[in-house]
Amino acid sequence: MYTLPKIERFNQNVLSKYHIYNSVFITLPFDAIDNTGVLLPLFSEVCDTGFKNNWSPRQIVDFFAEKYMDNASEEEKIDLLFRFIQYVERQIVLFDAIEDTAFPIINNLEGRGSLRDIKEKAEAKDKHEELIQFLENFRVRTVLTAHPTQFYPGSVLGIITDLTEAIRQNDLLKIKRLLAQLGKTPFIKKVKPTPYDEAVSLVWYLENVFYQTIGDMMQYLQKNIFEGNIIENPIINLGFWPGGDKDGNPFVTPEITEKVAGRLRTSILKCYYFDVRALRRKLTFSEVDTMIFSLENRLYRSVFYSQGEIFITLNELTNELNIIKQIIINKHNSLYLDEVNLLLQKINQFGFHFASLDIRQNSHIHNAVFADIIALLKQQKSVQFPDDFDSLSEDAKIEIVSGLHSDIKHDDFQNEMTRSTLETIALMKKIQQSSGEDGCNRYIISNNESALNVIETLAMFHLVGWENPTVDIVPLFESVDDLQHAHNIMEQLYKNKSYRNHIKQRNNKQTVMLGFSDGTKDGGYLMANWSIFKAKETITEVSRKYGIKVIFFDGRGGPPARGGGKTHKFYASLGSTIENQEIQVTVQGQTISSNFGTLDSCRYNLENLLSAGVANQIFNKDENNLSESDKAIIDKLAVLGYKKYTDFKNHPKFIPYLEQISTLRYYSKTNIGSRPSKRNADGKLNFSDLRAIPFVSAWSQMKQNVPGFFGVGTALKHYEDSNEWEKVQKLYDNSLFFRTLLENTAMSLAKCFFPLTAYMKNDPEFGAFWQIIYDEYLETKRLLLKIAGHKELMENYPDGKASIAMREQIVMPLLAIQQYASSQINEMRKNNIVDEKMISVYEKLVTRSLFGNTNASRNSA
C-alpha cells in the first residue's frame, strides 16, 4: 500500500479531526449564556466576507451586531467579543493538540534528515569510518531561552499534553471532558513569572522530552554506528538561559542563578533515580541487585531528602554502573545490557548539570561596572593604574587591563550592579564545583562592540581571584556595523597574549555568538542574514590563521525575521568556508513547544540539525560553496534591501506607527515573561532600546511581518529592471543558502493578511505609510513567485501552507476584534473623547486577543 502525499495525510489527520472535535467543543456550555458557540462561526463568516469586501473591522463588528444581536449596546458587544476570544483561544489549543498528535504521520521520522538516513547514506557512499570520526568531534547544542513568546500557563500546558494523548487514542469521552476542562481553565497569568518560574517551566521540557529523546538518539548511534561502544563525545547537549540571562532583566539576581543551577542538578538526578528504579526491577540477580539498590537509595536521598546535599558523586555513579555492566556481561549473559548502556550514555550526556547555564550581560552594563572597579583600584592603590586611563587609546587600555590581577570582593562596592556582576562571576565557580564544569562555563557579552569589552570581562574573573577561569568568554555581535567588524575584533583578541593564553587553556576553541534578531531589526532581513554569513566566513578565516577552532552560536528566534524558519537548511548550506564543527542555536518560547514539545517533534528536529551538520561536512562538503560572483550578487541585493529598509526605518511615521497603530505598547501589559520589553526603563520609545521580540511581534499582530520581507522585493526588482534577472534566477536554482533565504521570506509573506489593516490606506496620518508597506509586500510576493516558478506562496510545502491557512482562519475573529478595539481607541483619542473606563476596556480587548494571535502562529515572535 502506497503512502499518501503529505497534504493528504495532513487533511485526513489534522483538518478532518479538527472539524469533528471542534463541532463537539463549540456546543459545550462554558458560561451562563450558551449561545457564544453558535454565534462564533457566524462572526467568523462575517469577518471572512467583510475582509473580502474591504470592510474595516469596525464595519464588520457593527454589521454582525446589527444582524445577529438585538439592539445591542456597546457594552453588550464588547462582552460577546471577550467571550469570542475565550473560545478562539481554546480552538487554537485544540488545533495544536491535533497537529502534535499527527506529527509522526505527516512527517517521516525515518526519512530524509533522520539518523537512519545518515547511517544508510554513509554506508552507500562508503563513508562509515568518516562518519564515526565526524561524530566523535561534532556537537549540536540547543539552548533554551527565557524570552517571552509563549502565553500558556502551566495548567493549560498540562491539558494540552492530556488532550494530545486522548486524541492519539481517539478517546472521544476523554476528549470531551478535557475540552470542557479547557473551557473553564483560565488562560491568563495574573502575575508576571519570576526568572525562576520561567526556569521551572522549561525544566519540564528537559525532564519529559529532551531527556528521553536525546537518550534514544544516542543509543541508536551507539548500537548502529559505534558498534555498541559508549560514545564519549556528548553529541547532543543542552544550554539554558533562564536564571542566567541578566541582559536587561533586573530580576535575575545571583540568588536566582544559584537556585536555577540547583534545580537543574536536582532534576537530572531525579531522572537518573527513576531510570535506576526501573533498572532495579530488572537487575534482580546476584551481586548486581545489592549494587543497584545502593545506587537507587543514594539518588533518592539526593533528590528528595536533600537541602542541596548530594549523597553520590558523578564518578561513583558512573563507576558503579560500569561494574554492574561488566558483571552482567561476564556472569549473566548480557541480560538488560542495553538498558545499562542507555543510562550510562545519558549520564555521559547530561552529567550532574542537565543543561549548561549560560550567563549573559550587556557590554554597556560592563562598561559601568568596570568604571566602578577602576575607581576602587585607584583608591586602594593595590594595582598600578594610570590617572589618564579614560583618555587612552583602546590598544593602550587593553594592554593595561590584560595585566590586572587582584582579589577584590563584591562586598567592596556600593553599586548594586557591580556587586551583582562580581558575585555572579564568583558563583560560576561554585556551580562548577557542585554540578561539574559544564554546569556554568560560558559568559556571553551581548552588544559586544570592541575587543576591550571581551578583555574587561576576562579581567573581572582575574580580579576576583579566579586566575585560570574554566569559562568561555563569548562575544555576541548583533548590529550590522558590529557584524562587519567582528573579524577585526577577533584578530585583536587573538593577538593579545593574556587572551591567547586563556584560549589555549580552553583547548584553542573560541565561541562567537551572532544575533539574528537584533541584526534584522537594525539592518533588515537580507542585510542581517548576509552580514552574519560574511561574518562567519571572515571570523573562520582569521581563526584558522591563528590555529583556533571557532564555534558559532546563533541567536535565533521563531520566525524568519529572527533567524527561524527552515533552520536546518541553513546549516546544511554553509559550505567549507565556514567552520561548522558545532551547531549551536537558541530555542525559545513558542519554538520550544512547537518544535521540541513532544517526543516525536523533538526527535525530528534534533535529528535534522545533526543531519545538517553531517550533510555539510561529509556528503556535500564543497558543493555548497558560493562563488565570488554569487557573493557579489547577494552583496548587491543586501545593500539594496538595506537602503530600502533604512529609508523606511527613518520615515517620520515609523516610530509613531509602532506606538499608535501596532500592539507594541500592549506587550508590556502581558504577564508572560519576567523581562521588561525595553532595555531602557524610560517611558519614551527609543528604537535602539527596543527588544527584537516585541518589535517583530508588533508587526506580526498586524499581519504585516515587515522584518521578514521588507527590502527583498526592491532588491530583486533591481535585477529585473536592469535585465539581469537570469543572474538571481541561476543563484536561486543552484544555491541552497540563497534559496532557503527566500523560502523563509515566502513564509513571512504567507502569514501576512493586509485586508485586516486595509482600512488604514485612507487614514490622513498613516495612509501613505501603510501604502509603502503594502507596495513592498506586493512586489516581494510577485518576484518570489517568479523566481520560484510558483503560483502560490509556499507551494512546495503544501502541508505547512495548509497549517498556516487553517490557523489564520481560526484566529480571524481575534484579528478583527483586536483591530476593532485599537481603531476605537485611536478614534476616541483623535476626537479628544475622555472616557478612560472605555479606553481601558478596549485596551484589555487588544491585549487579550494578542495572546491567541501569538499562540496560533507558533513562530511569530
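Residues numbered from 1 in each chain as written. Predicted model: local features only at pLDDT ≥ 70, side-chain atom pairs only at ≥ 80, totals over all residues. Heavy atoms only, no water.

Draft legend 1. Region of the structure containing the overall build of the chain. When you go through the chain residue by residue, the secondary structure sums to 34 helices and nine strands. By the compact-globule yardstick of 29 Å for 861 residues, the chain fits well, its C-alpha radius of gyration being 28 Å. Taken over the C-alpha atoms alone, the chain extends approximately 80 × 75 × 60 Å along its principal axes. Here the chain holds 861 residues, and 60% of them are scored as buried. When the accessible surface of the chain is summed, it comes to about 34,100 Å², and 49% of that surface belongs to carbon and sulfur atoms. (Helix = DSSP H or I, 4+ residues; strand = E, 2+ residues; numbered from the N terminus. Rg over C-alpha atoms; globule rule 2.2 N^0.38 Å. Buried < 20%, exposed > 50% of the residue type's maximum accessible area, 1.4 Å probe, protein only. Areas by Shrake-Rupley, 256 points an atom, 1.4 Å probe, with all protein chains shown as cover.)

Draft legend 2. Summary view of the nonpolar core. Residues Phe 240, Tyr 272 and Trp 699 are the most contacted members of the largest nonpolar core, which totals 192 residues. Considering every element that reaches this core, the biggest residue donor is helix α9 (residues 195-224), with 13 residues. Look past the residues within four positions of Trp 699 in its chain and what remains in contact with it is Phe 648, Phe 654, Tyr 657, Leu 658, Gln 704, Asn 705, Val 706, Pro 707, Phe 769 and Ile 773. Judged by nonpolar contacts, the second largest core, of 72 residues, contains Phe 25, Val 93, Ile 810 and Met 812. (Core = buried A, V, L, I, M, F, W, Y, C linked by side-chain atoms within 4.5 Å. Contact = heavy atoms within 4.5 Å.)

Draft legend 3. Highlighting the pattern of salt bridges. In the structure shown here, the tally under the stated rule is 51 salt bridges. Residue Glu 287 is joined to Lys 331 by a salt bridge in which the shortest nitrogen-to-oxygen separation is 2.5 Å. Linking Glu 287 in the loop between α10 (254-280) and α11 (288-304) with Lys 331 in helix α12 (residues 314-331), this pair joins segments that are 44 residues apart in sequence. Glu 287 sits in the partly exposed class, given a relative accessible area of 38%. According to the relative accessible area criterion, Lys 331 is exposed, its value standing at 53%. (Salt bridge = Lys/Arg side-chain N within 4 Å of Asp/Glu carboxyl O.)

Draft legend 4. View of the sheet that holds strand β9 (residues 582-588). On the basis of which strands lie adjacent, the open sheet formed by nine strands has the order β3-β2-β1-β9-β8-β7-β6-β5-β4 and parallel pairing. If you trace the sheet from one side to the other, it starts and ends with β3 (356-357) and β4 (359-362), each paired once. Pairing analysis gives two bridges linking strand β8 (residues 549-555) to β9, with the strands arranged parallel. Bridge pairing links Asp 554 to Val 585 in β9. Each of β4 and β5 (442-446) is contacted by helix α16 (residues 416-435), which is oriented at about 150° to β5, the strand it contacts most. (Pairing = 2+ DSSP bridges. Axes fitted to C-alpha atoms, helices over the stretch in contact; angles between N-to-C directions.)

Draft legend 5. Looking closely at the environment of Tyr 525. As for its placement among the helices and strands, Tyr 525 is situated in helix α21 (residues 525-545). Residue classification places Tyr 525 among the buried residues on the basis of a relative accessible area of 1%. Once the C-alpha coordinates of Tyr 525 and Gln 86 are considered, the two residues, 439 residues apart in sequence, prove to be 35 Å apart. Polar side-chain contacts of Tyr 525 include one of 2.6 Å to the backbone oxygen of Leu 741. (Polar contact = N/O pair within 3.5 Å; in protein donor to acceptor, adjacent residues only side chain to side chain.)

Draft legend 6. Region of interest: the pairing of strand β7 (residues 509-515). Extensive coverage of β7 is indicated by the burial of six of its seven residues. Alignment of strand β6 (residues 472-477) against β7, held across two bridges, turns out to be parallel. Bridge pairing in β7 places Phe 477 opposite Leu 514. Bridge count for β7 against β8 is seven bridges, and the pairing is parallel. Counted as the bridge partner of Gln 510 is Val 550 from β8.

Draft legend 7. Focus on the side chain of Ser 450. Relative to the helices and strands, Ser 450 resides in the loop between β5 and α17 (451-463). For Ser 450, the side chain forms a polar contact with the main-chain nitrogen of Leu 452, separated by 3.4 Å. Here Ser 450 is in contact with Glu 394 and Ile 489, once residues within four sequence places are set aside.

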